[in-house]
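Structural overview for review
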Amino acid sequence: MNEPWYPARAVVDLDAVRGNVRALRDAAPGAAVMAVVKADAYGHGLLPVARAALAAGATWLGVAQPAEALALRAAGITARTFTWLYAPGAPLAELVSADVDVSVHAPWAVEEVAAAARAAGRPARVHLKVDTGLGRSGVMPDQLPEVVARLVALQGDGLLEFVGVWSHLAFADEPDHPTVRGQADVFDRAVEVAERAGAHLEVRHLANSAATLTTPHVHHELVRPGLAVYGLSPVPQLGGPDAFGLRPAMTLEARLATVKAVPAGQGVSYGHAFRTPRGTVLGDVPLGYGDGIPRHASGTQDVPGAPLRVGSGPAARTLHVTGRVCMDQFMVDLGPDATERAGDTVVLFGDGATGAPTAQNWADACGTISYEITTRLGARVPRVHLHAEENPA
């Protein structure tokens, strides 16, 4: 076997990734697409997803951390790549040498990028991050004139190329929220400051997945979808994946480790938050919070846990996590008439069109968002990639 044996796996359909990228291109026909593959491609696998996205027409890749960008380059991926999150002392010279576009998100970062360019012996490609209202990283509007002037001066010295201005929306998943228009206006004014100072920008980018699908006026030259690349809806209150031409790429499945009959009144898992109301059959699913399964997916006597699909075909049933999720396993009440055996497959989440529970169903059960469900999946769960194709670019 090429991988250590494990009783569970995350199956990632790269055809779905390619189809999702095409749908995003169609949603923003006047813009290039940056496929955001940070956090190991939201848990789906950095390199396979990056190659699939590029094969489907994405022309940029986006990652949060410098190490992710350098991993793409080390794998031979030469597409335009952007990274944005670092603290003082980051290996910026390595990024510049590898032709990775870098964000400047604070005044101190300007000088660190300039020093990196000197060390690398080539100009850095810089995108200025503006805090338009999210309150995270980014240069505040009152700092812009000074920071822009310094970037333009360094460009004149040949130390950098000031190629972009970017920001991030706080309420993109609520397209009618007034902050969306408000942030877009602040962004437009920031672009004006840069251009008046002499910047010749290649790209402006503000739109994440939600804005790519619902807010055309913020598309500009480049959109940055992340979640939607993986087939999950960024605006579930407006529609599921199929409403936007998307298909979930990941199916998480496990093989039952134990199946056994128990009497009525049997306590199940730590704390006995659930006791069997009748004689039944319990199944042990060998995934737990050590694998990234949320403990909030636990079920109690009164509230069912996150959903599961047990069995296949007409006999398939939707059941629920029973009792508390443990580090390496959780239980499911299979019912008194269960026919499952150890080794049978349980699907935690996947493509709802197949009848499986979805990452959104799990998010709803846990009080979180669908992309936390996939992204938190632990490294010890093998990823199996279907329909892999090398991207010659």
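These lines cover the structure that appears in this document, whether it is placed above or below. (Residues numbered from 1 in each chain as written. Predicted model: local features only at pLDDT ≥ 70, side-chain atom pairs only at ≥ 80, totals over all residues. Heavy atoms only, no water.)

1. Some thoughts on the sheet that holds strand 1 (residues 8–13)
Taken together, the nine strands give an open sheet; going across it, the order is 11-14-17-16-15-18-10-1-19, and neighbouring strands pair in mixed fashion. In this open sheet, the two edge strands, each paired with only one partner strand, are strand 11 (258–262) and strand 19 (383–386). Taking the axes of each pair of neighbouring strands and ignoring which way they run, one obtains an average angle of 35 degrees across the sheet. Contacts from helix 10 (residues 359–366) reach strand 15 (307–310), strand 16 (317–322) and strand 18 (345–349) within the one sheet, and its direction differs from that of strand 15 by about 140 degrees. (Pairing = 2+ DSSP bridges. Helix = DSSP H or I, 4+ residues; strand = E, 2+ residues; numbered from the N terminus. Axes fitted to C-alpha atoms, helices over the stretch in contact; angles between N-to-C directions. Contact = heavy atoms within 4.5 Å.)

2. A look at helix 6 (residues 107–120)
Each α-helix winds once per 3.6 residues, and so residues spaced three or four apart point in a common direction. A rise of 1.5 Å per residue sets the reference length of helix 6, with its 14 residues, at 20 Å; its end C-alpha atoms lie 21 Å apart and thus fit the reference within 8%. Turning to helix 6, its buried residues number three or more, namely Ala109, Val110, Val113, Ala114, Ala116 and Ala117. Take helix 6 and look down its axis: the buried residues cluster within an arc of 160 degrees, on one side only. On its buried face, helix 6 sits against helix 5 (92–97), strand 5 (101–104), strand 6 (124–129) and helix 7 (144–156). Note on helix 6: the residue one or two positions beyond its end, Gly121, has a positive phi of about 75 degrees. (Expected span 1.5 Å × (residues − 1). Buried < 20%, exposed > 50% of the residue type's maximum accessible area, 1.4 Å probe, protein only. Arc of directions from axis to C-beta.)

3. Regarding helix 8 (residues 178–196)
In a regular helix each residue adds 1.5 Å, so 19 residues correspond to 27 Å; helix 8 covers 27 Å between its end C-alpha atoms and thus fits that length. Three or more residues of helix 8 are buried, namely Val180, Gln183, Ala184, Val186, Phe187, Ala190, Val191 and Ala194. Buried residues along helix 8 cover an arc of 165 degrees about the axis, so they all sit on one side. Looking at helix 8, the residues exposed on the side facing more than 90 degrees away from the buried face are Pro178 and Arg196. Check the buried side of helix 8 and you find it contacts helix 7, strand 7 (160–166) and strand 8 (203–207). Where helix 8 ends, the next residue or the one after it, Gly198, has phi of about 110 degrees, a positive value.

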